[in-house]
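# Structure at a glance
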Amino acid sequence: MEILVVGTGAREHALVRTLSLDPAVSAVHAAPGNPGMARQATLHAVDPLDGAAVAALATGLGVDLVVVGPEAPLVAGVADAVRAAGVPVFGPSAQAAQLEGSKAFAKDVMAAAGVPTAAARVATTLDEVAAALDEFGAPYVVKDDGLAAGKGVVVTEDRDAALEHAAACLAKDGGRIVVEEYLDGPEVSLFVLCDGTDVVPLVPAQDFKRAYDGDEGPNTGGMGAYSPLPWAPAGLVDEVVETVARPTVAEMARRGTPFVGVLYCGLALTSRGVRVVEFNARFGDPETQVVLARLGTPLAGVLLAAAEGRLADLDPLHWRADAAVTVVVASHGYPGDVRTGDPITGLDGADTVPGVHVLHAGTAVRTTDDDPENPLNDPLLVSAGGRVLTVVGVGETLADARRAAYVAVDQVALAGSHHRTDIALAAAEA
């Protein structure tokens, strides 16, 4: 098989790396990819939001499968364009991707399917937001209805801060807000592969959204993750499949918009039972990095089976007993005003730590004739985004995986960068 992965981040690098290790895969391509992916894939300078261009690349290369990584291309209809060109694609249509593209749409689907989730109100004015905040009380949960790269949600005890976030979201064209009741209890991410009819769950993971240790600071796209979850209740995966994933996929099919790809179930294990916090229409980042690190079954055939409606024919997936922990190295200022262009060094040392692999997210290669830090004009790896690298450690236990990941993180030098030091700490010490 030859496979094309669409996207630029660490999630896509994890997919590229995992697919490149599959004996059934002869070549991996990435569009447009990043410098780290170039070690395992051929990069193609194609706009990932341009469905026609991605479809033309897929047909020109003669690939057997296209895997669309990020949410924005899915909502933009890239999977539709590839499908129309006759190439199997792992990823939902633009209509089905509205499960992530619109939180109000997702709430409507969940209500129709009987999926347990937080009570919510959709608001288009600040008066409606204020009324919903007063109805649910603190802590206040305010979500931008559209795509916001994981940073459109504010959870706060401060009513004024909740209103300020709502006002910023409403100021956008077509701005709409979803105000929800607060869900207590720990959160879990579970990815479920879907082929429009059948579903196959992966293993649960937990990510860390807040920027700083102790869950302090603003929400981010995710600062780290780990798997397995030793504290998760027995039967959790089966329960989510039967009460969340299957009903949702059935409802999407009933509406004439079958869901093919990953249904990312963001869950809260509340005192009243499992509740859906949110749906995403793609693999999560950084949870994908730890989930794929534990997958023993070759990935390509699984994704192709989903794309072709054959999940029911798959043998059960095999999972390694090892634990995995990933730590995100973020640029100066993230998740606010991010500084880019800083040189990144130490990756050779990080890559030599046993049990570790480093995945690129916001990186680029720079060559300039007048760079005092690079007088020989050698290609220089620099930061090019908010989340720059994810360092994945694998070990027999969570403590072993944490130790490996943080030893490798300490090898990386990036001026002004920051990372959390407590990823998986509580679970490892329990």
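Source: prediction; values computed, not measured.

Helix and strand content of the chain: 14 helices and 24 strands. For a compact globule of 430 residues, the expected C-alpha radius of gyration is about 22 Å, and the chain comes in at 21 Å, within 12% of that figure. Taken along the three principal axes of its C-alpha coordinates, the chain extends 65 × 45 × 45 Å. Per-residue burial for the chain yields a buried fraction of 54% across its 430 residues. Across the chain, every contact between residues at least 6 apart in sequence was considered, and the portion connecting residues at least 24 apart equals 70%. Total accessible area on the chain stands at roughly 16,600 Å², and carbon and sulfur atoms take up 51% of it. Charged side chains in the chain number 29 positive and 56 negative. The centres of these two groups are separated by 3 Å.

For the pair helix α1 (residues 10–20) and helix α10 (residues 287–294), the least separation of the axes is 8 Å and the interaxial angle reads 15°. By the angle between their axes, α1 is roughly parallel relative to α10. In the packing of α1 onto α10, the handedness of the crossing is left-handed. In contact with Ala10, Arg11, Ala14, Leu15 and Thr18 of α1, α10 contributes Thr288, Gln289 and Leu292. Looking at the contact of α1 with α10 residue by residue, the classes come out as 4 nonpolar, 3 polar and 1 charged.

Bringing the sheet that holds strand β12 (residues 206–207) into the picture now. One open sheet holds the 5 strands; their spatial order is β12-β15-β18-β23-β20, and the pairing between them is antiparallel. A strand with exactly one partner marks an edge of an open sheet, and here the two such strands are β12 and β20 (356–360). One ladder, built from 4 bridges, connects strand β15 (residues 224–227) with strand β18 (residues 323–330); its direction is antiparallel. Counted as the bridge partner of Ser227 is Ala324 from β18. Lying over the sheet, α10 contacts β12, β15, β18, β20 and β23 (387–395), oriented at roughly 150° with respect to β18. Where helix α13 (residues 398–409) meets the sheet, its contacts fall on β15, β18, β20 and β23, and the angle it forms with β18 comes to roughly 30°.

Our next topic: the environment of Asp315. Secondary-structure assignment places Asp315 in the loop between α11 (299–307) and β18. Along the chain, Asp315 and Leu263 lie 52 residues apart, while their C-alpha atoms are 20 Å from each other.

Its volume calculated, the second largest pocket comes out at about 350 Å³. Lining of the second largest pocket is provided by 21 residues; of these, Arg39, Leu347, Asp348, Asp351 and His360 occupy positions nearest its centre. Elements with a contribution of two residues or more to the lining of the second largest pocket: α1, β19 (344–345), α12 (347–351), β20 and β22 (380–383). Counting residues per element, the lining of the second largest pocket draws most heavily on β20, at 5 residues.

With that settled, the discussion passes to the environment of Gly86. Among the structural elements, Gly86 can be located in the loop between α4 (78–84) and β5 (89–90). Judged by relative accessible area, which is 60%, Gly86 ranks as exposed. Sequence spacing of Gly86 and Glu287 is 201 residues, and the spatial spacing of their C-alpha atoms is 31 Å.

Right, let's get into the side chain of Thr248. Within the secondary structure, Thr248 is located in helix α9 (residues 236–254). In terms of polar contacts, Thr248 uses its side chain to reach the backbone carbonyl oxygen of Val244, at 2.7 Å. Ignoring anything within four residues of it in the chain, the contact list for Thr248 reads Leu99, Val109, Ala113, Val115, Leu263 and Phe279.

This brings us to helix α6 (residues 103–113). By the burial criterion, the buried members of α6 are Lys103, Ala104, Ala106, Lys107, Val109 and Met110. Where α6 is buried, its residues meet α5 (98–101), β6 (120–123), β7 (140–144), β9 (177–180), α9 and β17 (273–280). Gly114, located one to two residues past α6, shows a positive phi value of around 70°.

Another aspect to go through is the nonpolar core. One finds Leu4, Val66 and Phe279 to be the most contacted residues of the largest nonpolar core, which totals 74 residues. Aside from chain neighbours lying at most four places away, what touches Phe279 is Leu99, Glu100, Ala106, Met110, Val244, Thr248, Leu263, Tyr264 and Cys265. Listed in part, the 43 residues of the second largest apolar core include Leu193, Ala205, Ala306 and Val392.

Conventions used here
- Here, residues in each chain are numbered from 1, in the same order as that chain's written sequence.
- The predicted origin of the model limits local features to residues at a pLDDT of at least 70 and limits the giving and counting of side-chain atom pairs to 80 or more, whereas totals for whole chains, interfaces and linings rest on all residues.
- Note that the side-chain values use all heavy atoms of the structure and ignore hydrogens as well as water.
- Helix and strand assignments come from DSSP, with helices taken as H or I runs of at least 4 residues and strands as E runs of at least 2, each series counted from the N terminus.
- Radius of gyration here is computed from C-alpha atoms only, and the compact-globule reference equals 2.2 Å multiplied by the residue count raised to the power 0.38.
- Only protein chains enter the accessibility calculation, which uses a 1.4 Å probe; a residue is then buried when its area is under 20% of its type maximum, exposed when over 50%, and partly exposed in between.
- Residues are treated as being in contact if the distance between any of their heavy atoms lies within 4.5 Å.
- To measure how exposed things are, a 1.4 Å probe is used in the Shrake-Rupley method; for residues, cover is taken only from the protein chains shown.
- The convention is simple: Lys and Arg are positive, Asp and Glu are negative, and His and the chain ends are not counted.
- The atom standing in for a charge is NZ when the residue is Lys, CZ when it is Arg, CG when it is Asp and CD when it is Glu.
- Here, axes are lines fitted to C-alpha atoms. For helices the fit covers the stretch in contact, and angles between N-to-C directions go from 0 to 180 degrees.
- Throughout, the term roughly parallel applies to angles under 35 degrees, roughly antiparallel to angles over 145, roughly perpendicular to angles from 65 to 115, and oblique to all others.
- What makes a crossing left-handed is the near helix being turned counterclockwise from the far one by less than a right angle; a clockwise turn instead makes it right-handed.
- Charged means Asp, Glu, Lys or Arg here, nonpolar means Ala, Val, Leu, Ile, Met, Phe, Trp, Tyr, Cys or Pro, and polar covers whatever is left, Gly included.
- Only strands that DSSP links by at least two bridges are regarded as paired with each other.
- As defined here, a cavity is a set of points on a 1 Å grid over the protein atoms alone where a 1.4 Å probe fits but cannot get out. A pocket is an open set with protein on both sides within 12 Å along at least five of seven lines, and residues line them when an atom is within 4 Å of a point.
- Grid points are joined across faces, edges and corners, and a volume is the space filled by probe spheres set on the points.
- A 3.5 Å cut-off defines polar contacts: any pair of N or O atoms within that distance qualifies, except that in protein one atom must be a possible hydrogen donor and the other a possible acceptor, and neighbouring residues in sequence count only when both atoms are side-chain atoms.
- Only buried residues count toward a nonpolar core, which is a set of Ala, Val, Leu, Ile, Met, Phe, Trp, Tyr and Cys residues joined through side-chain atoms within 4.5 Å.

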